[in-house]
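These are the residues of each chain, in order.
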Amino acid sequence: SREIVIAAAQMGPNQRADSRRKIVQRMIALMEKAARCGAQLVVYPELALTTFFPRWYIKDTSEIDSFFETEMPGADTAPLFTRARELGITFSFGFAEKTEQAGGVHHFNTSVLVDKNSNIILRYRKIHIPGHSQYESWRPFQHLEKFYFKPGTEPFSTARLFDAEFSLAICNDRRWPETYREMALRGAEIALIGYNTPMHYAPMPSHDHLQSFHNHLCMQAGAYQNGLWVIGVAKAGLEEGCQLLGQTCIIAPTGEIAAQASSTDDEVILALCDIDRVKEIRENVFNFKHHRRPEMYPLLSRT
Ligand code: ING
């Protein structure tokens, strides 16, 4: 069977003053711990290299740019790629990406999957950008992802690693059922999803106590309804005064939580993932070919 030891490397808070170098050192320590435990793949959170800066309205463009990577790997991230090569570890992490494309400069909320030879075999740019695009004074903190990031222009895609099909998603993507269905219809077997989720959701404070329930509800449902392994990895803890949800987890295609973090700090959790278990779902209850009726869902992919 196709068994892979997958580690989720939950990260505690990245404070605004934390240097890339210091954060990358923490990521390397997590990778070394995971490697000691037999991990073959290490999954990090969304925006792993910086604090969650969309919580502020920053006007100064040079300060904004200080949160973005213009090359991957760059000087600050090269040590992570080097250490991974030495350990023979594949990994995935999220970061703010500034790129020159088609004559323009674009800013994306990006994640990559890197093989053990430091090749970036999959690059994903966040499709579902939550929050708002203008400063809103009523909020205790902002969620200005629509101000800082351009939505991804490529659909979800897959890459092959360890004889299995991987797909990437980021944070808010995990709340949308379309994310998992599109991935599964494209043959994905494992979804790697980093997130930065505040415990306080300003537009609906009465839902604050539901943040961890909704976090697992979405990913467990996505896993079960599409026969996917889902690795959900948090940046957690009190980050610049904002409490971020932890609850990092590795979810089997049955929807069961196979491993879960129990802190809101840097923490490695692992599971021995038998990828062939996706068949338990894909060849039975959610056998798309035999049971799915796309002709009866005409509105589902209508723009
Ligand atoms: N953060 C949050 C998320 O989707 C959010 C935004 C929080 C939306 C709570 C709805 C409810 O987890 C990011 N970065 O998408």
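Note that the coordinates shown come from a computational prediction; the quantities given were computed from them, not determined experimentally.

Caption draft 1: Geometry of the site of the ligand. Neighbouring residues of the ligand: 14 residues in total, closest E145, C171, N172, R175 and T197. One of the side-chain nitrogen or oxygen atoms of E145 is found 2.8 Å away from a nitrogen atom of the ligand. For the ligand, an oxygen atom lies 3.1 Å from a polar atom in the side chain of R174. Grouping the amino acids of the shell around the ligand by side-chain chemistry returns four nonpolar, five polar and five charged.

Caption draft 2: A look at the pairing of strand 6 (residues 158-161). Only one face of strand 6 is covered, namely the face carrying A159 and L161; the face carrying T158 and R160 is uncovered. Relative to strand 7 (residues 164-170), strand 6 runs antiparallel, the two being bridged by four bridges. For R160, the partnering residue across the bridge sits in strand 7 and is E165.

Caption draft 3: View of the environment of E86. Residue placement: E86 occurs in helix 3 (residues 78-87). Between the C-alpha atom of E86 and that of K116, which follows or precedes it by 30 residues, the distance is 8.7 Å.

Caption draft 4: Structural context of the packing of helix 5 (residues 177-185) against helix 6 (residues 211-226). For the pair helix 5 and helix 6, the least separation of the axes is 9 Å and the interaxial angle reads 30°. The orientation of helix 5 with respect to helix 6, classified from their angle, is roughly parallel. Here helix 5 runs over helix 6; the crossing is right-handed. Here helix 5 contributes Y180, R181 and A184 to the contact with helix 6, which in turn contributes C218, M219, G222, Q225 and N226. By residue class, the composition of the contact of helix 5 with helix 6 is four nonpolar, three polar and one charged.

Caption draft 5: Geometry of the UniProt feature "domain: CN hydrolase" (unreviewed entry) in the chain. Taking the UniProt record as the reference, the feature "domain: CN hydrolase" (unreviewed entry) is found at residues 4-277. Between the end C-alpha atoms of residues 4-277 the distance is 12 Å, and the span holds 22% helix and 30% strand.

Caption draft 6: Region of interest: the sheet that holds strand 1 (residues 3-10). Read from one edge of the open sheet, six strands run 5-4-3-2-1-14, paired in mixed fashion. Either end of the sheet is taken by a strand with one partner, and the two such strands are strand 5 (120-125) and strand 14 (267-274). Sheet twist, expressed as the mean angle between neighbouring strand axes with direction ignored, is 35°. Together, strand 1, strand 2 (41-43), strand 3 (90-101) and strand 14 form the strand contacts of helix 1 (residues 20-36), whose direction differs from that of strand 14 by roughly 45°.

Caption draft 7: Quick look at the pattern of salt bridges. With the rule as written, the count across this model stands at 22 salt bridges. Across the salt bridge formed by R55 and E239, the nearest N and O atoms sit 2.7 Å from each other. Here R55 is found in the loop between strand 2 and helix 2 (61-65), whereas its partner E239 is found in strand 10 (residues 237-239), with 184 residues between them in sequence. Given a relative accessible area of 4%, R55 falls into the buried group. E239 serves as the salt-bridge partner of K235, at 3.1 Å between the closest nitrogen and oxygen. You'll find K235 and E239 in the same group, each marked buried.

Caption draft 8: A look at the packing of aromatic side chains. With the rule as written, the count across this model stands at 14 aromatic pairs. Ring centres 6.2 Å apart and planes at 85° place the aromatic pair F81 and F93 in the edge-to-face group. Of the two residues, F81 sits in helix 3 while F93 sits in strand 3, which places them twelve residues apart along the sequence. Each member of the pair, F81 as well as F93, is classed as buried. Linked through ring pairs, F53, Y57, F67, F68, Y135, F147, Y148 and F149 together constitute an aromatic cluster. The ring of W56 carries the charged tip of R55 above its face, separated from the ring centre by 5.4 Å. In this arrangement the basic side chain of R292 is found over the ring face of F288, its NZ or CZ atom lying 6.0 Å from the centre.

The rules behind these values
- Residues numbered from 1 in each chain as written.
- Predicted model: local features only at pLDDT ≥ 70, side-chain atom pairs only at ≥ 80, totals over all residues.
- Heavy atoms only, no water.
- Near = heavy atom within 4 Å.
- Polar contact = N/O pair within 3.5 Å; in protein donor to acceptor, adjacent residues only side chain to side chain.
- Nonpolar A, V, L, I, M, F, W, Y, C, P; charged D, E, K, R; others polar.
- Buried < 20%, exposed > 50% of the residue type's maximum accessible area, 1.4 Å probe, protein only.
- Helix = DSSP H or I, 4+ residues; strand = E, 2+ residues; numbered from the N terminus.
- Pairing = 2+ DSSP bridges.
- Axes fitted to C-alpha atoms, helices over the stretch in contact; angles between N-to-C directions.
- Parallel < 35°, antiparallel > 145°, perpendicular 65-115°, else oblique.
- Left-handed = near helix turned anticlockwise from the far one by under 90°.
- Contact = heavy atoms within 4.5 Å.
- UniProt positions renumbered as here; feature names shortened; annotations may be inferred.
- Salt bridge = Lys/Arg side-chain N within 4 Å of Asp/Glu carboxyl O.
- Phe/Tyr/Trp six-rings, centres within 6.5 Å; stacked < 30°, edge-to-face > 60°.
- Lys NZ or Arg CZ within 6 Å of the ring centre and 35° of its normal.

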